[in-house]
Amino acid sequence: MKISVVGCGYLGAVHAAAMAELGHDVVGIDVDTAKIELLASGRAPFFEPGLPEILTSARDSGRLRFTTDMSEARGSSVHFIAVGTPQKKGEYAADLTYVNSAVDALIPFLTDGDLVVGKSTVPVGTAADLAVRVSSGAPGAMLAWNPEFLREGFAVKDTISPDRLVYGVSSDHDGAVAKEMLDEVYAKALSENTPLVVTDYATAELVKVSANAFLATKISFINAMAEIAEVAGADVTQLADAIGYDARIGRRFLNAGVGFGGGCLPKDIRAFSARAEELGRGESVAFLKEVDAINLRRRQRVVDMVRESLGGEVYQKKVAVLGLAFKPDSDDVRDSPALDVAVNLHGLGADVVAMDPQAIENSKRLHPQLLFTESVEAALRHADAVVIVTEWKEFRELDPVAVKALVKSPVIIDGRNCLDAIAWREAGWTYRGMGRP
Ligand code: UGA
């Protein structure tokens, strides 16, 4: 199929490359010239495992191009909207400026029978409004909502082989046509029996935000248990294992630690609360405010643990902060708990040296006042305390015996519960995990 993808950020760039990889003829469109130049040369503007490979192979196949010129959407029959919906400044609600302007800019180039497909995460009710906008601006064009569930770090796999597909379509003939077109787009995944839910716009929009709300709640639940475990002398990691054996609960997303961050979970739960309030049902998701509060407390808890471990004062103490990205295998520092911890410790007067395998450049742009190093050894050398806040493989695999020689005092705060506590203690470290005795 001929496909355009409007918005080439984490979502759109991966989607465009993956669609080309699946054999479609794709044009990726974005207003950011620098990003488009990078993508056009086969390079990814952010770190995502597997993306450079499919960008290069798709470009070499001649099926993928990138442009800043919206008129090049003309001729495609399916147009994905993959622009960002960040949190509004000073408010919890989602900012729909980019979605609205992308659709408005696309409308002049739509022809009869074209399908506009929303992928961005939007407040429920947005698709219905956009459907009116599309059909009045481009009579004969249709709209569907097809939320995306990809995880950063696994984005290529999640896009090519999603665990489910959701189509929100209108209930009339156009909806049936839209479904057929989306079936063609996702023919490969459907042939592999990927579950498909065909529904209305509102349900499709809500599926996306409720999935993220559930995941955030699961993480905050286990972090709440960590808070209790901390005062009761229990071990939250064993608790998670034990409750996770119950298939109804499941062990995934029950890792207690410094909490969730990134460009999705934090802003999505806030936007959901804001939208529920607009709909007069704020109380239905009031618990999400608690989920957010528990999550934010964990960042402070890590800072407090560093302070306690250093005798109550971090001022002029060298603290090695291992991790800046919001999770491993990503260079994304949007709302990153790790970066927050580094900034807070710096603000308390600690001599912070931060290391991350991929996220230094992005962190530097936001917080040039921090000191960064490319090497774990340099970060650890003469450190009074070490704190792990992103569980990169190279941190998980540190040898406690070998690295002990580098530090001034062997104190480690495991903000992700990703280390073998026994091995670190046996090597002579003072080890402290989250919600662990
Ligand atoms: C999340 C969802 O998992 C995706 O399904 C969704 O498509 C995406 O948001 C989106 O809306 O675009 P992502 O932001 O890539 O994906 O990150 P997650 O893997 O969900 O992790 C989010 C945060 O939770 C990270 O900071 C991670 O460290 C933290 N986390 C995760 C925990 O603290 N504990 C856990 O057990 C799991």
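The structure presented is a predicted model; accordingly, all values stated were derived computationally and were not measured.

Student: Run through unusual backbone geometry, naming residues and quoting values.
Tutor: With a phi close to 65°, Gln316 is a non-glycine residue in the positive phi region. We note that Asp335 has phi near 45°; this positive angle belongs to a residue other than glycine. Position of Asp335 relative to the elements: it lies in the loop between β9 (318-322) and α13 (337-347). Residue classification places Asp335 among the partly exposed positions, given a relative accessible area of 31%.

Student: Explain helix α5 (residues 126-137) to me, and be specific about the residues and the numbers.
Tutor: Here α5 contains 12 residues, and its C-alpha end-to-end distance of 16 Å stays within 8% of the 16 Å for a straight helix at 1.5 Å per residue. Taken together, the buried positions of α5 are Thr126, Ala127, Leu130, Ala131 and Val134. Down the axis of α5, the buried side of the element spans an arc of 130°, and every buried residue falls inside it. Facing away from the buried side of α5, by more than 90 degrees, are the exposed residues Asp129, Val132 and Ser136. The secondary structure elements touched by the buried residues of α5 are α4 (97-106), β5 (115-118), β6 (142-145) and α9 (201-232).

Student: Describe the site of the ligand, and please don't skip the residues or the numbers.
Tutor: In the neighbourhood of the ligand, 21 residues make up the surrounding shell, with Leu150, Glu152, Lys208, Asn212 and Phe326 lying closest. Contact between the ligand and Phe149: an oxygen atom at 2.9 Å from a main-chain N or O atom of the residue. Between the ligand and Arg416 there is a distance of 3.0 Å, counted from an oxygen atom to a side-chain nitrogen or oxygen. Burial of the ligand by the protein chains amounts to 91% of its free accessible area of 720 Å².

Student: Explain the domain arrangement of the chain to me, and be specific about the residues and the numbers.
Tutor: According to the domain assignment, the chain contains domain 1 (2-199), domain 2 (222-292) and domain 3 (298-433). Between domain 1 and domain 2, the C-alpha centre-to-centre distance is 30 Å. Taken together, the contact pairs 11 residues of domain 1 with nine residues of domain 2. Surface buried jointly by domain 1 and domain 2 totals about 840 Å² across both partners, of which 59% is contributed by carbon and sulfur atoms. Broken down residue by residue, the surface that domain 1 buries against domain 2 is led by Gln87, Tyr92 and Val124, which jointly contribute 54%.

Student: Could you give an account of the nonpolar core, with specific residues and numbers?
Tutor: In terms of nonpolar packing, the biggest core is built from 54 residues, with Val321, Leu322, Leu345, Val386 and Val387 touching the most fellow members. With six residues, α13 is the single largest residue contributor to this core. Residue contacts for Val386: discarding those within four places in its chain leaves Ala320, Leu322, Leu380, Val407, Val411, Ile412, Ile413 and Trp429. Tyr10, Val26, Leu64 and Val169 belong to the second-largest nonpolar core, a separate cluster that totals 42 residues.

Student: For the sheet that holds strand β13 (residues 411-414), give the residues involved together with the corresponding values.
Tutor: Reading across the sheet, the six strands line up as β11-β10-β9-β12-β13-β14 and stay open at both edges, with parallel pairing between neighbours. Strand pairing shows two members of the sheet lacking a second neighbour, β11 (371-372) and β14 (430-433), which therefore form its edges. The pairing of β9 with strand β10 (residues 351-355) spans five bridges and is parallel. Bridged to Val319 within β10 is Val352. Here α13 sits on the sheet and contacts β9, β10 and β12 (385-388); the angle it forms with β9, its principal contact strand, is near 170°.

Student: With reference to specific residues and values, describe the pattern of salt bridges.
Tutor: Counted according to the given criterion, the structure contains 35 salt bridges. Asp292 serves as the salt-bridge partner of Arg270, at 2.8 Å between the closest nitrogen and oxygen. Pair noted here: Arg270 is in helix α11 (residues 265-278) and Asp292 is in helix α12 (residues 287-309), with a separation of 22 residues, a long-range link. Residue classification places Arg270 among the buried positions, given a relative accessible area of 10%. Each of Glu227, Glu230, Arg297, Arg298, Arg301, Glu308 and Arg432 takes part in one network of salt bridges that share partners.

Student: Explain the side chain of Arg301 to me, and be specific about the residues and the numbers.
Tutor: Examined against the element boundaries, Arg301 turns out to sit in helix α12. Here the side chain of Arg301 touches Glu308 through a polar contact of 3.4 Å, side chain to side chain. Each residue touching Arg301, except ones within four places of it in the same chain, is listed here: Glu230, Glu308, Arg432 and Met434.

Conventions we followed
- Residues numbered from 1 in each chain as written.
- Predicted model: local features only at pLDDT ≥ 70, side-chain atom pairs only at ≥ 80, totals over all residues.
- Heavy atoms only, no water.
- Helix = DSSP H or I, 4+ residues; strand = E, 2+ residues; numbered from the N terminus.
- Buried < 20%, exposed > 50% of the residue type's maximum accessible area, 1.4 Å probe, protein only.
- Expected span 1.5 Å × (residues − 1).
- Arc of directions from axis to C-beta.
- Contact = heavy atoms within 4.5 Å.
- Near = heavy atom within 4 Å.
- Polar contact = N/O pair within 3.5 Å; in protein donor to acceptor, adjacent residues only side chain to side chain.
- Areas by Shrake-Rupley, 256 points an atom, 1.4 Å probe, with all protein chains shown as cover.
- Domains from an automatic or database assignment.
- Buried area = accessible area lost by both parts, 1.4 Å probe.
- Core = buried A, V, L, I, M, F, W, Y, C linked by side-chain atoms within 4.5 Å.
- Pairing = 2+ DSSP bridges.
- Axes fitted to C-alpha atoms, helices over the stretch in contact; angles between N-to-C directions.
- Salt bridge = Lys/Arg side-chain N within 4 Å of Asp/Glu carboxyl O.

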